[in-house]
Amino acid sequence: MRFFIAIAAAVVLTSTAYAGHHEKKAVIEQYTKIAHAMYSDSLTTAKRLQSIVNRLIAQPTEANLAAARTAWLAARVPYQQTEVYRFGNAIVDDWEGKVNAWPLDEGLIDYVAASYGAESEENPFYRANVIANKSIKISGKTVDTSRITKALISKTLHEVNEVESNVATGYHAIEFLLWGQDLNGNGPGAGNRPASDFDPKNCSWGNCDRRAAYLKAASDLLVDDLVWMTNQWAPNGKATVGLVKGDVKKGLSTILTGMGSLSYGELAGERMKLGLMLKDPEEEHDCFSDNTHNSHYYDALGIRNIYLGEYRRIDGSVVKGPSLSSLVAKTSKGVDQELRSKLDATMSAMGKLVKAAEAGEAYDQMIGPNNKAGNARVQAAVDALTSQTKSIEKAVAALGLSRIKFEGSDSLDNPSAVFQ
Amino acid sequence: MNSRTRIKRIESWLINFFSCLFVVILCALVIVGVQRKLSAADSPNFATVNLKLAQSHILPRYKRLQTNAAQFEDAIVKLCNAAAPRDPSASQAAFHQLMDGWMAIEHIRHGPVELLMRNFRIHFWPDKGARGARQIRLLHQRRDQSGLKKDAFTSASVAVQGLPAAERLLFSKSYSKTIIDAKEKNYTCQLLQAIAQNINDISKELLASWSPGSNSYQAVIQNAGKPGNKFSKPKDATADYVKAMHTTLKVLTDLKLDRVLGKTIEKVKPKRAESWRSKRSLRNIIFNLKALQAMYEGEKGLGLKHLIESKHPDLSRLLSRAFKKTLETAQSIQQPLTDAVTMPKPRSKVLRLAKEMRALKVLVSGKLAPAIGTPLGFNALDGD
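Residues numbered from 1 in each chain as written. Chains lettered and ligands numbered in written order. Predicted model: local features only at pLDDT ≥ 70, side-chain atom pairs only at ≥ 80, totals over all residues.

## Focus on the overall build of chain A
When you go through chain A residue by residue, the secondary structure sums to 13 helices and four strands. Over its C-alpha atoms chain A spans a radius of gyration of 24 Å, differing by no more than 12% from the 22 Å that the globule rule assigns to 420 residues. By its C-alpha atoms, chain A is 95 × 55 × 45 Å across when sized along the principal axes. Taken across its 420 residues, chain A has 50% of its residues classed as buried. At a minimum sequence separation of 6, the contacts of chain A that also span at least 24 residues come to 71%. (Helix = DSSP H or I, 4+ residues; strand = E, 2+ residues; numbered from the N terminus. Rg over C-alpha atoms; globule rule 2.2 N^0.38 Å. Buried ≥ 20, exposed ≤ 12 C-beta atoms within 10 Å, placed from the backbone. Contact = placed C-beta atoms within 7 Å.)

In structure tokens:
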């Protein structure tokens, strides 16, 4: 009899493992559904921005400029939550530079103040000012820039000369055109571009028609790019199919890679700690609009969303389904609880940044050299993100995934052969 | 008892016997497995190698760094106190010595150097946004004296506190001309003195934190696994060394070479090279590689290699060969890196070097870390 119990137990064990497979598939499917919802929302809000930009160009009033800025801020809410899809999904990472590249040398695009400096040894196009120049020289060749089109800014200007800070397209290029430079250093205040910058009849700073053309091209391009990415995450899109039909372990690794890499290297490191180290007002993600607190907040929220398998859409509805959280809990309740509480702690630290910013202390003030309390507030969020990364590593271990495979993109098939 | 019942009883006895045997074997297997796991975790090798590396690899290198930093500060003080025209050559030579010292210990990215942003304050690089250039220009415009005082300077932007800032002042034409020609004490010299003193101070702190003593980081490593220690077992302290090796190889390939090489020779970016102003980009790489090789082989025998030698003899030999070959390739490049990458023949050697370093990196993450049993986790360079 006991013999049969032993066999029965073995059978039960295999069948749970089998159920585990289905469960894992379901988690991966939910991950793709949330991506589709997030990119769809990003697209919807980008289209709203596009239509208000058109209105601003037709009627360059302060009210229309303010409406365009509000639309830009709203567009950032869903987009920032998608950033967790960037790392681990090559299809997103290869594309995202077109829409969210940062930081930028804005002198490439338009007029800048003298304090910006005359030149940069890293970037020959530091002050190229395409809006003011109907031709520019690129690698010795004269390039016609008399018509500012989507093709010109995306194919010719974006990352020209392979300099990453030559950002000619995407949210931050649009942000610069809507707000202008923030000339307040580590002091209060954001960019303050007048609506007359877009008014050929009453033009401030010259070339208003070209500036309007640039803004239109960049806004139209953002919509095009988001249409493409939203399609990749549709049920039969390339990104979705790749994950759903792919290896289950690899799929789960992708999700956790995105969570860990955004938490640590990108958000805690490049976007926050670096700012604290350099105390430089330019080291804020949304530096023209002073919206950085929200950008960071929604980045962190995106990480939490995909762990919990739920996302609140811009219309208030909630996409909810099988979660990584419950999958981790199956193996280790402790790890799941720890990670959930760390994600909550990060949101609370991020909430404090938002609260301080809404009370009038912008992010560039918080990272300033003589602001101990502000520095500490940002550092607390960095620490929370770093700590959350350690728990994500525990979740990776709990699910029996190896980190090594994550490196796939730049690994060699046979490294030993190099040393034969 | 009829034969039928007897058979039934025998059958049931047999079933009982075999299922018991099955359970016993299973238990035995589990116990053996647990023991093997325990003995691996408690292996004395980890503790020994950890301490040996701290004492014979890390400590002497921090000692050398501090000596170099003190000499650099002396040289700068002498330079700035001299009458115009001043000769910067002794200070430039002292700068090179100090850079050698830093590149020989740059690979250690854990422990005291992580605290108070010491690593970035000594050497913030790459400065992709060219913040250092702008901030140094702004400091000169404002002639900010109070910002140079010790307390204020240690919390200034890391881009003005360390070696790259010193290099800019000593080796760029415009700033070094001011140092040579200015009639009285000039702001450039004052800033340079603040930097030299700052680097010396940080080096002293690093040396003190790694020197023997109950509060030292050496003691933390030595007591790994004891109650209250940050490492729950000696192997966790070893993981930091492996991670340091992997991160350094990632920095070498991604930042020190690939960003400079560009995808084709037409897209080469020599001014993205580390220390291009003082023409020592390749020298930095060689010092980094020698340090990694020493951490692997051990300064006097006991390095990371010791942990895999007996169980993975092939891998241990492969890695020795890989470090040796990569270093040879680096040393075979005759021109400064900034020139070599732009010339077809030397460039092919640099490409070879990049390929070997990348292969080394993959061997460390894919072979060495699993063989030692230390997961690498997420990396600070995962962002862009």
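So that's the structure; there's more coming.
## With respect to the overall build of chain B
Scanning chain B from terminus to terminus reveals 16 helices and zero strands. The buried share among the 384 residues of chain B stands at 42%. Restricting the contact set of chain B to residue pairs at least 6 apart, pairs at least 24 apart contribute 73%.

## What to know about the pairing of strand β2 (residues 141-144) of chain A
Both strand β1 (residues 135-138) of chain A and β2 of chain A contribute to a ladder of four bridges, which runs antiparallel. Bridging from a neighbouring strand, I138 of chain A pairs with K141 of chain A of β2 of chain A. (Pairing = 2+ DSSP bridges.)

## Description of the domain arrangement of chain B
All names here are of chain B. Domain assignment breaks chain B into domain 1 (46-213) and domain 2 (234-372). On a C-alpha basis, the centroid separation for the pair domain 1 and domain 2 is 25 Å. Listed as interface residues are 27 residues of domain 1 and, on the opposing side, 32 residues of domain 2. Only α2 (44-81), α3 (89-103) and α8 (163-171) provide two or more residues apiece to the side of domain 1 that touches domain 2. In terms of residue count, α2 provides more of the side of domain 1 that touches domain 2 than any other element does, nine residues in total. When its residues are assigned to classes, the side of domain 1 that touches domain 2 shows 13 nonpolar, eight polar and six charged. (Domains from an automatic or database assignment. Nonpolar A, V, L, I, M, F, W, Y, C, P; charged D, E, K, R; others polar.)

## With respect to helix α13 (residues 281-297) of chain B
Residues and elements named next belong to chain B. Compared with an ideal rise of 1.5 Å per residue, which puts 17 residues at 24 Å, α13 spans 25 Å between its outermost C-alpha atoms and is within 8% of the ideal. Residues S281, L282, N284, I285, F287, N288, L289, A291, L292, M295 and Y296 constitute the buried set of α13. Positive phi appears at G298, one or two residues downstream of α13, with a value of about 90 degrees. (Expected span 1.5 Å × (residues − 1).)

## Focus: the nonpolar core
The biggest cluster of nonpolar side chains holds 106 residues, and the ones touching the most others in it are A68, A173, I174, L215, A218 and M259 of chain A. In terms of residue count, helix α1 (residues 2-58) of chain A provides more of this core than any other element does, 15 residues in total. Counting residues in hydrophobic clusters, the runner-up holds 101 residues, among them L53, F120, A369 and I372 of chain B. (Core = buried A, V, L, I, M, F, W, Y, C linked by C-beta atoms within 7 Å.)

## What to know about the environment of A359 of chain B
Mapped onto the elements, A359 of chain B comes out in helix α16 (residues 344-372). The class for A359 of chain B is buried, based on 23 C-beta atoms found within 10 Å.

## Quick look at unusual backbone geometry
A negative phi holds for most residues other than glycine; trans holds for most peptide bonds. Cis rather than trans, the peptide bond between W102 of chain A and P103 of chain A has omega equal to -5 degrees. On the secondary structure map, P103 of chain A appears in the loop between α3 (90-100) and β1. A cis amide bond links A84 of chain B to the next residue, P85 of chain B, at an omega of -5 degrees. With respect to the helices, strands and loops of the structure, P85 of chain B is situated in the loop between α2 and α3. Even without being a glycine, D290 of chain A presents a positive backbone phi close to 55 degrees. Locating D290 of chain A in the fold gives a position in the loop between α8 (248-278) and α9 (292-308). At L116 of chain B, a residue that is not glycine, the phi angle is positive and equals roughly 55 degrees. Within the secondary structure, L116 of chain B is located in the loop between α3 and α4 (118-122).

## Re the packing of helix α12 (residues 234-261) of chain B against α16 of chain B
Residues and elements named next belong to chain B. For the pair α12 and α16, the least separation of the axes is 10 Å and the interaxial angle reads 160 degrees. In this view, α12 runs roughly antiparallel relative to α16, as classed from their interaxial angle. In this structure, α12 crosses over α16, and the sense of that crossing is left-handed. Of the residues in the contact of α12 with α16, the class split is 16 nonpolar, four polar and four charged. (Axes fitted to C-alpha atoms, helices over the stretch in contact; angles between N-to-C directions. Parallel < 35°, antiparallel > 145°, perpendicular 65-115°, else oblique. Left-handed = near helix turned anticlockwise from the far one by under 90°.)

## Focus: the environment of G246 of chain A
All names here are of chain A. Among the structural elements, G246 can be located in the loop between α7 (238-244) and α8. Residue G246 is classed as exposed on the basis of its 12 C-beta neighbours within 10 Å. It is 25 Å that separates the C-alpha atoms of G246 and S263, two residues lying 17 residues apart in sequence.

## Here we look at the packing of helix α11 (residues 333-358) of chain A against helix α13 (residues 372-398) of chain A
Any two packed helices are characterised by how steeply their axes cross, that is the angle between the axes, and by the distance between the axes. Residue and element names in this part refer to chain A. Axis separation between α11 and α13 bottoms out at 9 Å; the angle between their running directions is 160 degrees. Relative to α13, the element α11 lies roughly antiparallel. For the element pair α11 and α13, the recorded crossing hand is left-handed. Considered class by class, the residues forming the contact of α11 with α13 number 16 nonpolar, four polar and five charged.

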